[in-house]
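What follows is each chain in one-letter form.
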Amino acid sequence: MSWTRICKTADVAPNSVKKIWIAGGIPVLVVNYGSGFRVVPPVCPHMEEPLEESGIVASCVLTCTKHLWAWNLMTLEKQGETEKPLKCYEVKEENGELMAFVDGELLYDFDKDDDMDDDAFFKS
Amino acid sequence: MPARNHAQWTAKPPLANDEWIDSRIYSDQEIFEQENERIFKKVWVPVCHESELSKPYDFRTMSIANEPIIVCRGPDNQVRAFLNVCPHRGMLIERRPSGSFLEGQPSGNPKRITCMFHAWQFDMKGNCVYVAREKEGYQDRLCKEEVGLRRLRCEVKFGGFVWVTLDDNPAVSLEDWAGKAFTCLQKSLDAEPLEVFHYHKAIINTNYKLWHDTNSEFYHDFMHYHNRVTGFNDAYFARKNEAFEHGHVVVGTFEVNYQNYEGFESRAALSFPHLPPNQWYMIDMFPGYNFNLRGSALRCDIVTPLGPDKVMIEFRGLGLKRDTPEERQTRINHHNSIWGPFGRNLHEDLIGVAGQGTTMRPGTESRRILHGRQENQTIHDENGMRHYYDEWGRWMNIMPNNPDQTWSERSTASAAVAAAE
Ligand code: FES
Ligand code: FES
Ligand SMILES: [Fe+2]
């Protein structure tokens, strides 16, 4: 894939987020922090909370209200206790359209891969 | 036989030791508690069917021997079982009977099991993935890795039933414990996925073993008026109760002439795969499960003892997952006409065992319950029940006809008699 149209920049108000399904059936979250945009996966990297419900934007910081993980949207620096970086699609604005470079869906790894077969598990 | 005075009424019957039961084993609180410890905490229990949690993150809750259980399907499609008990301060984690974790709880996240009390969270493999203010409260003394859920052995087997045991090291594997009894139905149940189309439960004031007894004999067809007047024929009586290892009994098949049942039609067109048309098999499993395939519909009932004089029975009806809506409706009709809450048999069966429960309430004088019919192991023989109580006595180490005597004492006593003879 390549540069993909996301929405009109006017569709997402400053200091707000909006979930959008783009070409290829990929869900993304558009974040307008006033002086710019971020396009990110729509779930919190902490525990998959849907950011369109839990995410708030203020003073250039995106905060997930569930357990207060937060990222500076300009520098992407993690704030406070936040443990994981925010993944972002590269973005540009063209004639009032927001575009993102999408090469497959960005996903976080949540599942612990620690399966033992039953006998190993119950006899250990 | 004239009526009897107290001494006559309480005297031993003129039958062999395994041909009668002391009613105390149906009414005694202490024996009930021992049954939970010695049987239900050790045995495999078919807690539900995999079609009842068909999608990743679906779950169901239940209990075994008073221990709350949760069964859920992971994103990898594997069904796992855990104690439904929070490792923090023992809250019942999930209170709904069934549902999905796809959507997060108010204090939890999507795809996680959340304890609402202090918001600890767990994934579908039982890992603890969130402890609120973990570092602040435990510093480095306790971490998530140390407070996972208690996982239980769980297997999906014999037609897609979900079997769980509280015992990490069961004496026999599920296959060895149940495989032989299931042989008669295994091809039919495992040919393709099944699906539950009927569920109801009954809470009856009776002992769970009395329910199992009813499932283990057909002599009580004298109560089932409609069975009696339409179903009795030579083939019906020729069926046998076949005993299998570990206390299970299988009732052999015969061809049912549904045309003789008023208002009924043949079930041949919808018979389960590999099952000859209109055949009927029944598996009674120790300590209280019944799998009953009448051609086109499978019934399964499972007991959860709630006290010496109280049992919950869960009834499920199953068809083939691929049924068309019309086929499914026909199967449901077939199922409900016999086994639904208003079917031909079920309410009568419940009246029977409720009546027994009434005469054997805790505190009533112990009575002799006769299990002595011998009819060449055909369906009016009570050999299925004798086989069951043999197994029960062994697990409990209690003599069913004399609860003050241990099973091992009996074995040595009869060995001594044999040696003397
Ligand atoms: S889920 Fe977003 S901070 Fe925990
Ligand atoms: S009891 Fe479950 S989190 Fe406290
Ligand atoms: Fe019956």
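Above this text sits the structure in question.
Now for a description of the structure that goes with this document.

Rules of the game
Residues numbered from 1 in each chain as written. Chains lettered and ligands numbered in written order. Predicted model: local features only at pLDDT ≥ 70, side-chain atom pairs only at ≥ 80, totals over all residues. Heavy atoms only, no water. Helix = DSSP H or I, 4+ residues; strand = E, 2+ residues; numbered from the N terminus. Buried < 20%, exposed > 50% of the residue type's maximum accessible area, 1.4 Å probe, protein only. Contact = heavy atoms within 4.5 Å. Areas by Shrake-Rupley, 256 points an atom, 1.4 Å probe, with all protein chains shown as cover. Lys, Arg positive; Asp, Glu negative; His and termini not counted. Charge placed at Lys NZ, Arg CZ, Asp CG, Glu CD. 1 Å grid on protein atoms, 1.4 Å probe; cavity = no way out; pocket = protein on both sides within 12 Å on 5 of 7 lines; lining within 4 Å. Points joined across faces, edges and corners; volume = space filled by probe spheres on them. Axes fitted to C-alpha atoms, helices over the stretch in contact; angles between N-to-C directions.

Across its full length, chain A holds 2 helices and 10 strands. Ordered by position from N to C terminus, the α and β elements of chain A give β-β-β-β-α-β-β-β-β-β-β-α. Referenced to the eigenvectors of the C-alpha coordinate spread, the extents of chain A come out at roughly 65 × 35 × 20 Å. For chain A, the residues scored as buried account for 46% of the 124 residues in total. Intrachain contacts of chain A at a sequence separation of at least 6 include 41% that bridge at least 24 residues. Only carbon and sulfur atoms are counted for the fraction: they give 50% of the accessible area of chain A, which is about 6,700 Å². In chain A, the 12 positive side-chain charges and the 22 negative ones have mean positions that sit 6 Å from each other.

So, on to the layout of surface pockets. Residue and element names in this part refer to chain B. Its volume calculated, the second largest pocket comes out at about 360 Å³. Surrounding the second largest pocket, 22 residues form its lining, T61, M62, S63, M312 and E314 being those nearest its centre. Residue assignment for the lining of the second largest pocket shows that the elements contributing at least two residues are helix 2 (29–40), strand 2 (45–49), strand 3 (58–64), strand 12 (194–204), strand 17 (297–307) and strand 18 (310–320). With 5 residues, the top contributor of residues to the lining of the second largest pocket is strand 3.

This part is about the packing of helix 5 (residues 208–216) of chain B against helix 10 (residues 383–396) of chain B. Between helix 5 of chain B and helix 10 of chain B, the shortest axis-to-axis distance is 10 Å and the interhelical angle comes to 145°. Packed against helix 5 of chain B, whose contacting residues are Y208(B), K209(B), H212(B), D213(B) and S216(B), the element helix 10 of chain B presents M385(B), Y388(B), Y389(B) and W392(B) at the interface.

Residue and element names in this part refer to chain B. Tracing the backbone shows E192 in the loop between helix 4 (174–190) and strand 12. Take E192: its relative accessible area is 19%, and that puts it in the buried class. For the pair E192 and E33, spaced 159 residues apart in sequence, the C-alpha separation works out to 39 Å.

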